Amino acid sequence: MNWLYIDSIAGISGDMMLGALVDLGVPPSFLREQLLRLPISSYSLKTYRTMVGVLDAVKVDVILPHDEPNLPEQTHEHSHSHDHSHSHEYSHRHEHSHSHEHSHSHEHSHSHEHSHGHSHSHSHSHSHSHGHSHEHNLYKDIRTLIAESTLSDGVKERALAIFAKLAIAEAGVHGMEVDDVAFHEVGAVDSIVDIVGCAIGLEYLKVGHIVCSPLPLGRGFVRCQHGLIPVPVPATLELLEGIPVVGTEIEEELVTPTGAAIVSALCDSFGSYPSFLVERVGYGAGTRHLQERPNLLRLVLGRSRQSDEPPTTLLQVECNIDDMTPEQVGFALEQLRDAGALDVWLSSLSMKKGRPGQLLALLCEQHQLSLMEQILFQQTSTFGFRYFPVQRCVLQREFYPVVTAFGTVTVKVGFRGEKVCQISPEFEDCRRLAQHQGVALADVYAAALEAWTSSEAHRSLQEVDDGKSTEAS
């Protein structure tokens, strides 16, 4: 398991996070290939190196046609064209418009991303479009778009957790139901690409534990359609509840809602550098020039020392239910999972007066409690719930692609130290191939396990394990 430290030098935004992940080693070609699993509208993904003061960094731009694009419908046709003159363009015959203002359903708008100049060399672009339109990009539409894609389970889980944070923050700011939140800038293609791209990059780098420095906050005002609003903007402050911050005199928006949602949804802890072994460092650039400090996000990738990995403390949240339909209970479970609960389950109960009931329970991080509380009171009939700390020990996890006769399947491998303890093919990959090939799901599982056994990755791990056994004897 790799550890990642987010060193928030000048705040955080989605594009800065994605640029730093590319600088850490995520290949732009792999990023583009994985993003094609999302049926989203026209855009070009451009990655290039740029100097921020005296430091070399990676800038990622999601370039859109004019006006604001919308999410596609479920069916669409693809028409590809390729241009190999140092860029790769994927063009689908549909157009959307994009506005770089951030507009919520109450017509609140402002810019959400950072800026910086001085670009040079290594430019790669990739564009694709689908011609469909929705009047709004509702949170429930974005959730469906990601959930029904062919992305891996790990990527979906992280991306959905980030968007759930955003939706709940926007709903709180505007006094509306979470599913009714209509995203514009945040729900537009550029932010979907940033968020899903970050989830792809974290899985590629096999990141299992994330620590973040205190976030520097700017001050001042940004102009929206109805006038000035203070920095940090309201949605960002909602997302930063329980997260350490540091005030600055910089009159710019340093932490964007997208950046705050990434940190809030994915970080395990906050503070100074953890005790770990540094392996690589990556820098992601913004586009706006800051006089006070370089406009950079620094990511430090490393491995934890085994002795520094105590059991994780989580919260177990429980409530008793006896007056909801199965469909209503199922919807509540879905909402809790989408919001980032680590696990959700039901158990049968015999309640007072002999009534049959159910125990609804979940595991979550401590900082997620307020989010779980909101969903439980909104989506269930409970008048209260209980929670208590629990200790959890988990295996380190790494993911390896294996090639079968049916297609490529990702295999999840669980380690204790360097010893392999568990092996499991990813369900979504197996289901997709079983449906596509018209074969039994069990056959795809068996083929994935057989392919893993004969893979180079398995042989390498086996050699390490055999070497340890020899040393011990």
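Further up the page is the structure itself.
Novice: With reference to specific residues and values, describe the nonpolar core.
Specialist: Ranked by internal contacts, the top residues of the largest apolar core, which has 89 residues, are Leu4, Ile6, Met17 and Val196. No other element matches the twelve residues that helix 4 (residues 153-174) contributes to this core. When sequence neighbours within four positions are dropped, the list of residues in contact with leucine 4 reads Met17, Leu24, Leu202, Val207, His209, Ile210, Val211, Leu299, Val300 and Leu301. In terms of nonpolar packing, the next biggest core, distinct from the first, is built from 14 residues, Val402, Cys430, Ala451 and Leu461 among them.

Novice: Break down the pairing of strand 7 (residues 207-212) for me, citing the residues and quoting the values.
Specialist: Burial analysis of strand 7 places five of its six residues in the buried class, the great majority of the element. When strand 1 (residues 2-7) meets strand 7, the two strands line up parallel, connected through five bridges. Paired with asparagine 2 across the two strands is valine 207, which belongs to strand 7. By the bridge criterion, two bridges tie strand 7 to strand 12 (residues 269-270) in an arrangement that is parallel. In the strand pairing of strand 12, valine 211 is matched with serine 269.

Novice: So what's going on with unusual backbone geometry? Residues and values would help.
Specialist: With glycine set apart, most residues show a phi of negative sign, and most peptide bonds adopt trans. Across the junction of valine 231 and proline 232, the peptide omega takes the value 0°, indicating a cis bond. Secondary-structure assignment places proline 232 in the loop between strand 10 (227-230) and helix 6 (234-239). A positive phi angle is found at lysine 206, which is not glycine, with a value near 60°. Turning to its location among the elements, lysine 206 is positioned in the loop between helix 5 (189-204) and strand 7. Using a relative accessible area of 25% as the deciding quantity, one classes lysine 206 as partly exposed.

Novice: Describe the sheet that holds strand 16 (residues 343-350), listing the residues and the values that go with them.
Specialist: The strand order across the open sheet built from four strands is 16-17-15-18, with neighbouring strands paired in antiparallel fashion. What marks the edges here is a single partner per strand, and that holds for strand 16 and strand 18 (386-392). In this sheet, adjacent strand axes meet at a mean angle of 25° when their direction is disregarded. With seven bridges joining them, strand 15 (residues 312-321) and strand 17 (residues 356-364) adopt antiparallel strand pairing. Paired with glutamine 316 across the bridge in strand 17 is leucine 363.

Novice: How would you sum up helix 4? Please name residues and give values.
Specialist: Taking 1.5 Å of rise per residue, 22 residues should cover 32 Å, and helix 4 covers 31 Å from first to last C-alpha, within 8% of that figure. Of the residues flanking the end of helix 4, it is glycine 175, one or two places downstream, whose phi is positive at about 65°.

Novice: Residues and numbers for the packing of helix 1 (residues 14-24) against helix 5, please.
Specialist: In the contact formed by helix 1 and helix 5, the axes pass within 9 Å of each other and the chain directions differ by 30°. Overall, the two elements helix 1 and helix 5 adopt an arrangement that is roughly parallel. The two elements helix 1 and helix 5 meet at a crossing, and its hand is left-handed. Contacts between helix 1 and helix 5 involve Gly14, Asp15, Met17, Leu18 and Leu21 from the former and Val193, Asp194, Gly197, Cys198, Gly201 and Leu202 from the latter. Here the contact of helix 1 with helix 5 is composed, by residue class, of six nonpolar, three polar and two charged.

Novice: So, the environment of alanine 448: which residues are in play, and what are the values?
Specialist: With respect to the helices and strands, the residue alanine 448 is situated in helix 11 (residues 441-453). Of the residues examined, alanine 448 reaches a relative accessible area of 0% and is grouped as buried. Spatially, the C-alpha atoms of alanine 448 and threonine 404 are 6.1 Å apart, while their sequence positions differ by 44 residues. What alanine 448 contacts, discounting residues up to four positions off in sequence, is Val402, Thr404, Val409, Val411 and Pro425.

Novice: So what about empty space enclosed by the protein? Which residues, and what values?
Specialist: Empty pockets left among the atoms are what a rolling probe the size of a water molecule brings to light. Applying the stated rule across the entire model yields two cavities of 30 Å³ or more. Considering the residues around the largest cavity, the lining is formed by Tyr139, Arg143, Ala164, Ile168, Val178, Gln335, Asp338, Ala339, Ile375, Gln378 and Gln379. For the lining of the largest cavity, the secondary-structure elements that each account for two or more residues are helix 3 (139-147), helix 4, helix 8 (326-338) and helix 9 (369-379). When residues of the lining of the largest cavity are assigned to their parent elements, the largest contribution, three residues, is made by helix 9. Tallied by class, residues from the lining of the largest cavity come to six nonpolar, three polar and two charged.

Novice: So what's going on with the pattern of salt bridges? Residues and values would help.
Specialist: By the definition in use, this model includes 16 salt bridges. Several salt bridges converge on common partners, so that one network encompasses Lys206, Glu279, Arg303 and Glu398.

Novice: Provide a residue-level description of the sheet that holds strand 20 (residues 407-416), including the pertinent values.
Specialist: Strand order in the open sheet made by the three strands is 19-20-21, with antiparallel pairing throughout. Because the sheet does not close on itself, it has two edges, and the strands there are strand 19 (396-404) and strand 21 (419-425). Looking at each pair of strands side by side, their axes are set apart by 30° on average, direction ignored. The pairing of strand 20 with strand 21 spans six bridges and is classified as antiparallel. Opposite valine 413, over in strand 21, you have isoleucine 423 as the bridge partner. Most of the contacts of helix 10 (residues 427-437) go to strand 20, to which it runs at about 160°, and overall it touches strand 20 and strand 21. Here helix 11 sits on the sheet in contact with strand 19, strand 20 and strand 21, set at roughly 105° to strand 19.

Novice: Account for helix 10, with residues named and values stated.
Specialist: Within the sequence span of helix 10, burial applies to Glu428, Asp429, Cys430, Leu433 and Ala434. Buried residues along helix 10 sit against helix 4, strand 20, strand 21 and helix 11. Just past helix 10, the residue glycine 438 takes up positive phi, approximately 70°.

Novice: With reference to specific residues and values, describe the side chain of glutamate 428.
Specialist: By the element assignment, glutamate 428 lies in helix 10. Note on glutamate 428: relative accessible area 17%, which makes it buried. Among all residues touching glutamate 428, those that are not within four sequence positions of it are Asp153 and Lys156.

Calculation criteria
- Residues numbered from 1 in each chain as written.
- Predicted model: local features only at pLDDT ≥ 70, side-chain atom pairs only at ≥ 80, totals over all residues.
- Heavy atoms only, no water.
- Core = buried A, V, L, I, M, F, W, Y, C linked by side-chain atoms within 4.5 Å.
- Buried < 20%, exposed > 50% of the residue type's maximum accessible area, 1.4 Å probe, protein only.
- Helix = DSSP H or I, 4+ residues; strand = E, 2+ residues; numbered from the N terminus.
- Contact = heavy atoms within 4.5 Å.
- Pairing = 2+ DSSP bridges.
- Axes fitted to C-alpha atoms, helices over the stretch in contact; angles between N-to-C directions.
- Expected span 1.5 Å × (residues − 1).
- Parallel < 35°, antiparallel > 145°, perpendicular 65-115°, else oblique.
- Left-handed = near helix turned anticlockwise from the far one by under 90°.
- Nonpolar A, V, L, I, M, F, W, Y, C, P; charged D, E, K, R; others polar.
- 1 Å grid on protein atoms, 1.4 Å probe; cavity = no way out; pocket = protein on both sides within 12 Å on 5 of 7 lines; lining within 4 Å.
- Points joined across faces, edges and corners; volume = space filled by probe spheres on them.
- Salt bridge = Lys/Arg side-chain N within 4 Å of Asp/Glu carboxyl O.

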